[in-house]
Amino acid sequence: MVKNKKISKKAFDESNKYFPGGVNSPVRAFKNVNSLPVFIKKGKGSYIYDLDGNKYIDYIGSWGPMILGHADKSVISSIQKVVKNSTSFGAPTLLETTLAKLIKRSFPAMEKMRMTSSGTEATMSAIRLARGCTKRDKIIKFEGCYHGHVDSLLVNAGSGAATFGVTSSPGIPNDLTKHTMSLEYNNLEQVENCFKRYGAKIACVIVEPIAGNMNCIIPSKKFLKKLRTLCNKYKTILIFDEVMTGFRVARGGAQEVFGIEADITTLGKIVGGGMPVGVFGGKRKYMDQLAPNGPIYHAGTLSGNPVAMTAGIKTIEMLSKKSFYVNLENKNKKLINGLCALAKKHNIDFTGNYVGGMFGFFFTKNKKICNFEDVSNCDKILFEKFFKIMLSKGIYFAPSSFEAGFISIKHSDKDINYTLQCADETFKMMSNI
Ligand code: KE4
């Protein structure tokens, strides 16, 4: 049980003097659930500990990176060793090539790649590359998908933008978004019509191949196949934004799950093991048009940073162990099936889904959540009640009904059983309100 959050409250009061909303990324402010954010002191395995000494079972895992759990011994010791050689050179190291080889083994469509320091940089660069290669301006994205805070992609975005109901941020000139067409996720007809009308002008389609920024939405295979077919037909570049799904839903991401290859893939989160790393990569014919070989510019002071590369290398090595993903998905299955059964027991309208180590749950009668509108129609009040009571019991779910959840290989049966016991008590309380 969470006793009190006095020190977090004090820390939040102070951080509000330095950062807008007291945070360095909006979703951390817990505004969507009208709650006080907890300030974290440390993490170990499946647990995080706040400044007041409260312990939580962590189902956010830094929004995806912590698939091995917090402070994994091998990752930490690898970082401790490499950091003694300096933290950055701004010159090539073997570590970048080592990580690239590991990535390519799981994402063979990434014939060549470039490291960045965030997922946002990766998607921003991928869009520029697609536009440069095709000499076209228009891009298709999907409502509720979030690809980082890239000006031309903050249109009907998900994640924090959706949470705050601000889907196209002020401060972005219309000139930067007028070429962005935002369609309904999973809507084959809309995509087909858009290509019929603009096909030859569309540089790229960028999509979360399993959406994780409007909660968790698993697309129909037909939808992704349709994107692949249309992009082939109109010579449009298909970008799978796998910043969240890469190494999360399977070792080879959603491309492995659905057996559909992207022309350009973006990665982040897990690939840096919790350190700042993004990646974009794809067919040689596109990637070799990047400076210094070609005219399309991309750069970055800390791109391929040796410490971050080391964290990524060790993380990918660890998750390459046999049956890692079978074990991970079994944990997820037990959690989500358990939550659904308990909600049913207490007559709470609830549904959930999971793929690999990523999950979502919704307070709704609707058993088929296919797009942003479906998620928006779910019961946010019930979500907030559930979030708050579970947090008070030491269960740390995403503080927004527009976010996915994440489980690590370190979440034990004991953790999941305790989570389900807390959910049983919480659903009981909610059904009596
Ligand atoms: P970053 O720039 O935050 O490293 O990556 C942006 C990004 C790109 N593409 C996808 C599919 C993503 O999920 C993200 C970032 N995800 C959010 C979680 N909803 C990060 C959390 C946050 O913004 O604080």
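Bear in mind the structure is a predicted one, so any value in this text is a computation, not a measurement.

Moving on, we come to the packing of helix α14 (residues 380–392) against helix α15 (residues 413–432). Look at α14 against α15: their axes get within 10 Å of each other, and the N-to-C directions meet at 130 degrees. Classified by the angle their axes make, α14 and α15 are oblique. Judged by the sense of rotation from one axis to the other, the crossing of α14 with α15 is right-handed. Counted together, L382, K385, F386, I389 and M390 of α14 and T419, C422, A423, T426, F427, M429 and M430 of α15 form the full contact between these two elements. In terms of residue class, the contact of α14 with α15 is built from nine nonpolar, two polar and one charged.

Neighbouring the ligand are 17 residues; S25, T120, N213, D241 and E403 lie closest to it. One nitrogen or oxygen atom from the side chain of E403 is found 2.7 Å from a nitrogen atom belonging to the ligand. Relative to its unbound accessible surface of 540 Å², the ligand loses 86% to contact with the protein. Taken together, the residues of the shell around the ligand sort by class into five nonpolar, eight polar and four charged. Both domains that furnish three or more residues to the shell around the ligand are identified here as domain 1 (6–71 + 323–431) and domain 2 (73–319).

Attention now moves to unusual backbone geometry. Residue P292 is reached from A291 by a cis peptide bond, and omega for that bond is 5 degrees. The backbone of N186 sits at a positive phi, close to 75 degrees, despite the residue not being glycine. With respect to the secondary-structure elements, N186 resides in the loop between β6 (180–183) and α7 (188–198).

With that settled, consider α15. Along its 20 residues, α15 runs 29 Å from first to last C-alpha, staying within 8% of the 28 Å computed at 1.5 Å per residue. Every buried residue of α15 is listed here: D415, I416, T419, L420, C422, A423, T426, F427 and M430. Taken around the axis of α15, the buried residues stretch over an arc of 165 degrees, which confines them to a single face. Exposed residues on α15 whose side chains face more than 90 degrees from its buried face are K414 and N432. On its buried face, α15 is in contact with β2 (47–50), β3 (55–58), α12 (324–345), α14 and β13 (395–396).

Splitting the protein by domain gives domain 1 (6–71 + 323–431) and domain 2 (73–319). The C-alpha-based centres of domain 1 and domain 2 are spaced at 25 Å. Counting from both sides, the interface comprises 37 residues of domain 1 and, opposite them, 37 residues of domain 2. Interface area, domain 1 with domain 2, both sides summed: about 3000 Å², of which 65% is carbon and sulfur. On the domain 1 side of the interface with domain 2, the three residues burying the most area are Y325, M358 and F372, jointly 22% of the side's total. At the junction of domain 1 and domain 2, the tally comes to zero salt bridges. Across the contact surface, domain 1 and domain 2 share 12 residue pairs in polar contact (both at pLDDT 80 or more). Of all the secondary-structure elements, those providing two or more residues to the side of domain 1 that touches domain 2 are α12, β11 (351–355), β12 (358–362) and α13 (372–376). With five residues, β12 is the largest single contributor of residues to the side of domain 1 that touches domain 2. Class assignment of the residues belonging to the side of domain 1 that touches domain 2 gives a composition of 24 nonpolar, nine polar and four charged.

Here the focus is empty space enclosed by the protein. Once rolled over the atoms, a probe with the size of a water molecule shows which space is left empty. A full pass over the atoms with the stated rule returns three cavities of 30 Å³ or more. Every residue lining the largest cavity is listed: Y59, N215, F359, G360, F361, F383, F397, A398, S400, E403, A404 and G405. Looking at side-chain class alone, the lining of the largest cavity contains seven nonpolar, four polar and one charged residues. The space that makes up the second largest cavity amounts to roughly 50 Å³.

Each value, and the rule that gives it
- Residues numbered from 1 in each chain as written.
- Predicted model: local features only at pLDDT ≥ 70, side-chain atom pairs only at ≥ 80, totals over all residues.
- Heavy atoms only, no water.
- Axes fitted to C-alpha atoms, helices over the stretch in contact; angles between N-to-C directions.
- Helix = DSSP H or I, 4+ residues; strand = E, 2+ residues; numbered from the N terminus.
- Parallel < 35°, antiparallel > 145°, perpendicular 65-115°, else oblique.
- Left-handed = near helix turned anticlockwise from the far one by under 90°.
- Contact = heavy atoms within 4.5 Å.
- Nonpolar A, V, L, I, M, F, W, Y, C, P; charged D, E, K, R; others polar.
- Near = heavy atom within 4 Å.
- Polar contact = N/O pair within 3.5 Å; in protein donor to acceptor, adjacent residues only side chain to side chain.
- Areas by Shrake-Rupley, 256 points an atom, 1.4 Å probe, with all protein chains shown as cover.
- Domains from an automatic or database assignment.
- Expected span 1.5 Å × (residues − 1).
- Buried < 20%, exposed > 50% of the residue type's maximum accessible area, 1.4 Å probe, protein only.
- Arc of directions from axis to C-beta.
- Buried area = accessible area lost by both parts, 1.4 Å probe.
- Salt bridge = Lys/Arg side-chain N within 4 Å of Asp/Glu carboxyl O.
- 1 Å grid on protein atoms, 1.4 Å probe; cavity = no way out; pocket = protein on both sides within 12 Å on 5 of 7 lines; lining within 4 Å.
- Points joined across faces, edges and corners; volume = space filled by probe spheres on them.

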